[in-house]
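Chain residues, written in single-letter form:
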Amino acid sequence: MSVNLLDYDAAGLAELMAQYGEKPFRAKQLMKWIHQRGEPDFDAMTDIAKSFRQKLALDAAVTPPALMAEQIAKDGTRKWLLDVGTGNGVEAVFIPEDDRGTLCVSSQVGCALDCGFCSTARQGFNRNLSTAEIIGQLWWANRRMSLDASRLGDAGLVDNRNGDTRIVSNVVMMGMGEPLANYDNVVAAMKLMLDDNAYGLSRRRVTLSTSGIVPAIDRLREDCPVALAVSLHAPNDRIRDDIVPINKKYPLHQLLAACTRYLEKAPRDFITFEYVMLDGINDSVENARELVALVRDVPCKFNLIPFNPFPNAGFKRSTRDAILRFRDILINAGYVATVRKTRGDDIDAACGQLAGQVLDKTRRVEKRLAGDAQAIIFHPQSGDNP
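Residues numbered from 1 in each chain as written. Predicted model: local features only at pLDDT ≥ 70, side-chain atom pairs only at ≥ 80, totals over all residues. Heavy atoms only, no water.

S.K.: Can you help me understand the overall build of the chain in this one?
M.R.: Secondary structure assignment for the chain yields 12 helices and 14 strands. Sequence-distant contacts, at least 24 apart, represent 68% of the contacts inside the chain between residues at least 6 apart. (Helix = DSSP H or I, 4+ residues; strand = E, 2+ residues; numbered from the N terminus. Contact = heavy atoms within 4.5 Å.)

S.K.: What's the story with the packing of helix H1 (residues 10-19) against helix H2 (residues 25-36) in this structure? I'm lost.
M.R.: Angle between the axes and distance between the axes are the two parameters that describe a pair of packed helices. As a packed pair, H1 and H2 sit with axes 8 Å apart at the nearest point and diverge in direction by 125°. On the basis of their axis angle, the class for H1 and H2 is oblique. In this structure, H1 meets H2 at a crossing whose hand is right-handed. Across the interface between the two elements, Ala 10, Leu 13, Ala 14 and Met 17 from H1 touch Arg 26, Ala 27, Leu 30 and Met 31 from H2. Broken down by class, the residue content of the contact of H1 with H2 amounts to 7 nonpolar, no polar and 1 charged. (Axes fitted to C-alpha atoms, helices over the stretch in contact; angles between N-to-C directions. Parallel < 35°, antiparallel > 145°, perpendicular 65-115°, else oblique. Left-handed = near helix turned anticlockwise from the far one by under 90°. Nonpolar A, V, L, I, M, F, W, Y, C, P; charged D, E, K, R; others polar.)

S.K.: What exactly am I supposed to notice about unusual backbone geometry here?
M.R.: A negative phi angle characterises most non-glycine residues, just as the trans form characterises most peptide bonds. Positive phi, close to 50°, is recorded for Thr 86, a residue that is not glycine. Although it is not a glycine, His 233 adopts a positive phi angle of roughly 70°. Given a relative accessible area of 4%, His 233 falls into the buried group. (Buried < 20%, exposed > 50% of the residue type's maximum accessible area, 1.4 Å probe, protein only.)

S.K.: Which parts of the structure should I look at to understand the side chain of Asp 9?
M.R.: Relative to the assigned elements, Asp 9 resides in the loop between strand S1 (3-4) and H1. Within the buried set, Asp 9 has no salt-bridge partner at all; the shortest N-O distance to an opposite charge, 5.0 Å, is to Lys 191. Polar contacts involving the side chain of Asp 9 include one to the main-chain amide nitrogen of Gly 12, which spans 2.9 Å. (Lys, Arg positive; Asp, Glu negative; His and termini not counted. Salt bridge = Lys/Arg side-chain N within 4 Å of Asp/Glu carboxyl O. Polar contact = N/O pair within 3.5 Å; in protein donor to acceptor, adjacent residues only side chain to side chain.)

S.K.: Explanation requested: the environment of Val 109 in the structure shown.
M.R.: With respect to the helices and strands, the residue Val 109 is situated in strand S7 (residues 108-110). Residues Val 109 and Asn 88, spaced 21 residues apart in sequence, show a C-alpha to C-alpha distance of 7.1 Å.

S.K.: Please explain the side chain of Asn 182 as it appears in this structure.
M.R.: For Asn 182, the position within the fold is in the loop between strand S9 (170-173) and helix H6 (183-194). Overall, the relative accessible area of 4% leaves Asn 182 in the buried class. Contacts of Asn 182, omitting those with residues within four sequence positions, involve Ser 107, Gln 108, Asn 128, Leu 129 and Ile 134.

S.K.: Which parts of the structure should I look at to understand helix H11 (residues 320-332)?
M.R.: Note on helix geometry: an α-helix contains 3.6 residues per turn, so any two residues three or four positions apart are oriented the same way. Taking 1.5 Å as the rise per residue, H11 with 13 residues should run 18 Å; its terminal C-alpha atoms sit 18 Å apart, in good agreement. Of the residues making up H11, those classed as buried are Ala 322, Ile 323, Phe 326, Ile 329 and Leu 330. Down the axis of H11, the smallest arc covering the buried residues is 125°, so these residues share one side. H11 presents Arg 320, Asp 321 and Asn 332 as exposed residues on the side facing more than 90 degrees away from its buried surface. On its buried face, H11 is in contact with strand S12 (271-277), helix H10 (285-294), strand S13 (300-306) and strand S14 (336-339). Of the residues trailing H11, Gly 334 is marked for its positive phi of about 100°. (Expected span 1.5 Å × (residues − 1). Arc of directions from axis to C-beta.)

S.K.: Teacher, can you tell me more about the environment of Asp 59 here?
M.R.: Here Asp 59 lies in helix H3 (residues 50-59). C-alpha of Asp 59 to C-alpha of Asn 4: the two residues are 55 residues apart in sequence and 9.1 Å apart in space.

Here you go:
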């Protein structure tokens, strides 16, 4: 079975080269060919000895996830469904803007955390993605977008006015799955994103979003501190226990303490708190004031996210007036608070809408359907015969 070289960060690839009897500089050469140039063909790696290229061709490969489907939204957002084997597919999303091109990367096939307002969670959970399958999304997107840019002369693609010529200039670990529940593979992939011999992104341009696995936040602070976004979504434990179940294990006081510790080594001097606006759940004036009191000791910014609906979600998006009122309370309290512009919602590529193709090992979908059926049988609607 061939070794997939996308599975190795710098340290792992250097160790692999030692097993081949090659010197460490070979790892750097390979990383530049594979990640900077997006080259999967060993024959094209002309500054590597031919004998070693022949050996690699027998034993190794550069194998990213294969494309299953592609959709392009009216606003230029692109969503790719990528094959990760055994009937499973994960979604990656590219968001073009004037000053950056952001890739939203998945870390798991489905998600085990079961946040009620998230379409990914509704699909259940199958497995963690490998390092190759995570970094392969960036490898694939760079290659695909570069080919399109060449073909189209950059028409319709990102115009990085900040001087960054890379089409994918920012990565957010905000796709399918909880990144910190797949810690080792996610960190190895992010180290490749940051490596100057690979993608060379700054720590400020790589953001990891977590629902709040406290011990893993502390590990990340030591191992690979990147920009941190926390899916907060509630101003108190009562609401958060209901909509973000991991809160029952790591309640808000533990999560906020971990955020404060993280800032000791973070590349940014603030935590971004993500807050999905759910009508009648977490969007009242009282909720906003409670939120201000909750985070008073944590340097932070707020990203308010209008809920993006999906079939049978059970939640409604807060009204625009409610969202703006909530935002203004945060701003008047001295916080930076923005309302996220919904991108790609016409192709279900917006925040919380990624579903992919998941063969659920948790039987969560099966149990939910059974529960819904039982509710119909035993709790008839008003006007039905008992």
